[in-house]
Amino acid sequence: MLIPKIKKKSILSMLEKDLRLDGRSPNQYRDISVHVGVIEKAEGSALAKIGNTVALVGIKVGVGTPFPDLPDQGVLAVNAEFVPLAFPTFEPGPPDENAVELARIIDRSLRELDVVDLKKMTIIPGEKVYIIWLDIYVLDHDGNLTDACMLASMAALLNTKVPKAEADDRGFIKLNKDEATPLLVNRRVVIVSIGKVGGKLIVDPNLEEEQVLEAKLSISIGDNGVVAGMQKTGLSSFTQEEVEKAVEIASDKSKELFAVIDEALKKPSSLWEALRDNG
């Protein structure tokens, strides 16, 4: 297509000067903001914005039966939905393969580092456990969905309070939301996505840049510096040297994302305040 070729030429021309079309340097994120506690009726929630990309995460806690092969662990279920208003190609209906893949990336990042202490989510061993539903809603798509969704997911988990499980006279388990304790989180994780275009590596590609990328590497980084996983997309490849450089960049930028989460946790917001502050 003619337009992507013209756009790619402009992008490459700017990168030769270590600049991007929006004025950023190659290793610079767009403006980032996170607000927690934005959904009053959820056990945990957060809204994250990177540039004009906006992701909302709500967490509900319920009671259910454990998996047969993990009788003494709670259940974490991650789902993602692309709200039709977020992008022209997003359609109503069940999540498509892109939404499913996004949910899997977030899920794998959380499980690889045992972010949620599921072993502490047992109510009656082998019979009843807590189930944590983590639902991701993409509200506006302007590139780099993975980083924004992971940021919102991590912040929401840190904002989550688990209601106390109590048995009534008939033995049924009910949740007492008046007595709730913070969700046990072992450690934190974020995703830093790095695109490759014209042999150059760029952090946080926006939508225009994603349309001309040769490949993209989304790297999950724990707050202990451990690489929890990588997801590569695009037709091109990364050399070993490029992967090592990308990991180095991701490790450095992850500190920036963790700092944003820490600041957000100090002051919960309403959804109205979050949307207003995000323009």
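Residues numbered from 1 in each chain as written. Predicted model: local features only at pLDDT ≥ 70, side-chain atom pairs only at ≥ 80, totals over all residues. Heavy atoms only, no water.

### Quick look at the overall build of the protein
Turning to step 1, where the next piece is worked out: Helix and strand content of the protein: 6 helices and 12 strands.
Turning to step 2, where the next piece is worked out: For the protein, whose C-alpha radius of gyration is 20 Å, the value lies close to the compact-globule estimate of 19 Å for 279 residues.
Turning to step 3, where the next piece is worked out: Each principal axis of the C-alpha distribution contributes one length, and for the protein these read about 70 × 40 × 35 Å.
Turning to step 4, where the next piece is worked out: With an accessible surface of roughly 14,200 Å², the protein has 52% of that area assigned to carbon and sulfur atoms. (Helix = DSSP H or I, 4+ residues; strand = E, 2+ residues; numbered from the N terminus. Rg over C-alpha atoms; globule rule 2.2 N^0.38 Å. Areas by Shrake-Rupley, 256 points an atom, 1.4 Å probe, with all protein chains shown as cover.)

### Re the sheet that holds strand β9 (residues 189–197)
Turning to step 1, where the next piece is worked out: On the basis of which strands lie adjacent, the open sheet formed by 4 strands has the order β10-β9-β11-β12 and antiparallel pairing. Either end of the sheet is taken by a strand with one partner, and the two such strands are β10 (200–203) and β12 (227–233). Ignoring strand direction, the axes of neighbouring strands in this sheet form an average angle of 25°.
Turning to step 2, where the next piece is worked out: With 8 bridges joining them, β9 and strand β11 (residues 215–222) adopt antiparallel strand pairing. By the bridge assignment for β11, V189 is matched with G222.
Turning to step 3, where the next piece is worked out: Sheet strands in contact with helix α3 (residues 145–158) are β9 and β11, and its direction is about 175° off that of β9.
Turning to step 4, where the next piece is worked out: Lying over the sheet, helix α5 (residues 240–265) contacts β9, β10, β11 and β12, oriented at roughly 135° with respect to β9. (Pairing = 2+ DSSP bridges. Axes fitted to C-alpha atoms, helices over the stretch in contact; angles between N-to-C directions. Contact = heavy atoms within 4.5 Å.)

### A few points about the packing of aromatic side chains
The geometry of an aromatic ring pair is captured by the separation of the ring centres together with the interplanar angle, meaning the angle of the planes.
Turning to step 1, where the next piece is worked out: A full pass over the atoms with the stated rule returns 0 aromatic pairs.
Turning to step 2, where the next piece is worked out: Above the plane of the ring of F238 lies K196, whose end atom (NZ or CZ) is 5.7 Å from the centre. (Phe/Tyr/Trp six-rings, centres within 6.5 Å; stacked < 30°, edge-to-face > 60°. Lys NZ or Arg CZ within 6 Å of the ring centre and 35° of its normal.)

### Side note on α3
Turning to step 1, where the next piece is worked out: Its 14 residues give α3 an end-to-end C-alpha distance of 20 Å, which sits within 8% of 20 Å, the value for a rise of 1.5 Å per residue.
Turning to step 2, where the next piece is worked out: Of all 14 residues in α3, 13 are buried, a share of seventy percent or more. (Expected span 1.5 Å × (residues − 1). Buried < 20%, exposed > 50% of the residue type's maximum accessible area, 1.4 Å probe, protein only.)

### Considering the pattern of salt bridges
Turning to step 1, where the next piece is worked out: Taken as a whole and judged by the stated rule, the model has 21 salt bridges.
Turning to step 2, where the next piece is worked out: A salt bridge links K60 to E43; the shortest N-O distance between them is 3.7 Å. Taken together, the residues K60 in strand β3 (residues 53–64) and E43 in the loop between β1 (32–36) and β2 (44–50) connect sequence positions 17 residues apart.
Turning to step 3, where the next piece is worked out: Its salt-bridge partner being E179, residue K164 comes within 3.7 Å of it at the nearest N-O pair. Linking K164 in strand β7 (residues 161–167) with E179 in strand β8 (residues 173–182), this pair joins segments that are 15 residues apart in sequence.
Turning to step 4, where the next piece is worked out: Among the residues examined, E179 registers a relative accessible area of 40% and is labelled partly exposed. (Salt bridge = Lys/Arg side-chain N within 4 Å of Asp/Glu carboxyl O.)

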